[in-house]
Amino acid sequence: MGEHRDDEKELDPLCPIASVSLGAPRDFIFRHRDARGKQSLRHIEPVKLELAHGSLLLMNSPTNTFWYHSLPVRKKSSLPRINLTFRRIVVDRKK
Ligand SMILES: O=C(O)CCC(=O)C(=O)O
Ligand SMILES: [Fe+2]
């Protein structure tokens, strides 16, 4: 999965995002928004994690505001993988 933030407008930016991984392990890379691309503003090393079977990744605020994340394809892996991500959606009660 390419580099992105979970930035859908209906998501509560203050609520942690919880992500459970099952099955094949995958790398998960965080890149700071100021350190992206050739013309980046700052030099900040990316942070690489391995999402192992049964792991829980918790992204507390404001991680998802400042850090993009990606999961590079693992060509050697033929095992299935399931990811369950839990996010809080803000409901507009005025409507
Ligand atoms: O597959 C994962 O571990 C994360 C997927 C992801 O970043 C997303 O669905 O926004
Ligand atoms: Fe994501």
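Residues numbered from 1 in each chain as written. Chains lettered and ligands numbered in written order. Predicted model: local features only at pLDDT ≥ 70, side-chain atom pairs only at ≥ 80, totals over all residues. Heavy atoms only, no water.

A.B. asks: Help me understand the environment of Arg-33, please; the structure alone is not making it clear to me.
C.D. replies: Tracing the backbone through its elements, the reader meets Arg-33 in the loop between β2 (26-32) and β3 (47-51). Between the alpha carbons of Arg-33 and Thr-65 there is a distance of 8.4 Å; along the sequence they are 32 residues apart. Those residues in contact with Arg-33, other than ones at most four positions away along the chain, are Arg-5, Thr-65, Phe-66 and Tyr-68. (Helix = DSSP H or I, 4+ residues; strand = E, 2+ residues; numbered from the N terminus. Contact = heavy atoms within 4.5 Å.)

A.B. asks: Can you help me understand the sheet that holds strand β6 (residues 81-86) in this one?
C.D. replies: Backbone-to-backbone hydrogen bonds pair the strands of a sheet. The strands run either parallel or antiparallel. As summarised here, the arrangement of the three strands in space is β4-β1-β6, forming an open sheet in which the pairing is antiparallel. Either end of the sheet is taken by a strand with one partner, and the two such strands are β4 (56-59) and β6. Adjacent strand axes in the sheet meet at a mean angle of 15°, parallel and antiparallel pairs treated alike. Here strand β1 (residues 17-23) runs beside β4; their pairing, made up of four bridges, is antiparallel. Bridging from a neighbouring strand, Ile-17 pairs with Met-59 of β4. (Pairing = 2+ DSSP bridges. Axes fitted to C-alpha atoms, helices over the stretch in contact; angles between N-to-C directions.)

A.B. asks: Would you mind showing me how to read the site of ligand 1 here?
C.D. replies: The immediate surroundings of ligand 1 are formed by Met-1, His-4, Asp-6, Leu-51, His-69, Leu-71, Arg-81, Asn-83 and Arg-87. Here His-4 contributes a side-chain N or O atom positioned 3.1 Å from an oxygen atom of ligand 1. Here an oxygen atom of ligand 1 sits 3.0 Å away from a polar atom, N or O, in the side chain of Arg-87. Burial of ligand 1 by the protein chains amounts to 83% of its free accessible area of 300 Å². (Near = heavy atom within 4 Å. Polar contact = N/O pair within 3.5 Å; in protein donor to acceptor, adjacent residues only side chain to side chain. Areas by Shrake-Rupley, 256 points an atom, 1.4 Å probe, with all protein chains shown as cover.)

A.B. asks: What's the story with the sheet that holds strand β5 (residues 67-70) in this structure? I'm lost.
C.D. replies: Taken together, three strands build an open sheet; the order of strands is β3-β2-β5 and the sheet is antiparallel. Two strands lie at the open edges of the sheet, namely β3 and β5, each paired on one side alone. Adjacent strand axes in the sheet meet at a mean angle of 25° when their direction is disregarded. Pairing analysis gives four bridges linking β2 to β5, with the strands arranged antiparallel. Within β5, the position partnered with His-32 by the bridge is Trp-67.

A.B. asks: Is there a simple way to explain unusual backbone geometry in this structure?
C.D. replies: In terms of backbone geometry, most residues other than glycine have negative phi values and most peptide bonds are trans. Pro-62 follows Ser-61 through a cis peptide bond whose omega is 10°. Mapped onto the elements of the fold, Pro-62 is located in the loop between β4 and α1 (63-66).

A.B. asks: Hey, could you run me through the pattern of salt bridges in this one?
C.D. replies: Where side chains of opposite charge bring their charged atoms close, a pairing between them can arise. According to the stated counting rule, one finds seven salt bridges in the structure shown. Across the pair Arg-42 and Asp-34 runs a salt bridge whose closest N-O atoms are separated by 3.0 Å. Salt-bridge contacts for Glu-50 lead to Arg-74; the nearest nitrogen and oxygen are separated by 2.9 Å. Pair noted here: Glu-50 is in strand β3 and Arg-74 is in the loop between β5 and β6, with a separation of 24 residues, a long-range link. Look at the salt bridges and you will find they share partners, linking Glu-3, Arg-31 and Arg-36 into a network. (Salt bridge = Lys/Arg side-chain N within 4 Å of Asp/Glu carboxyl O.)

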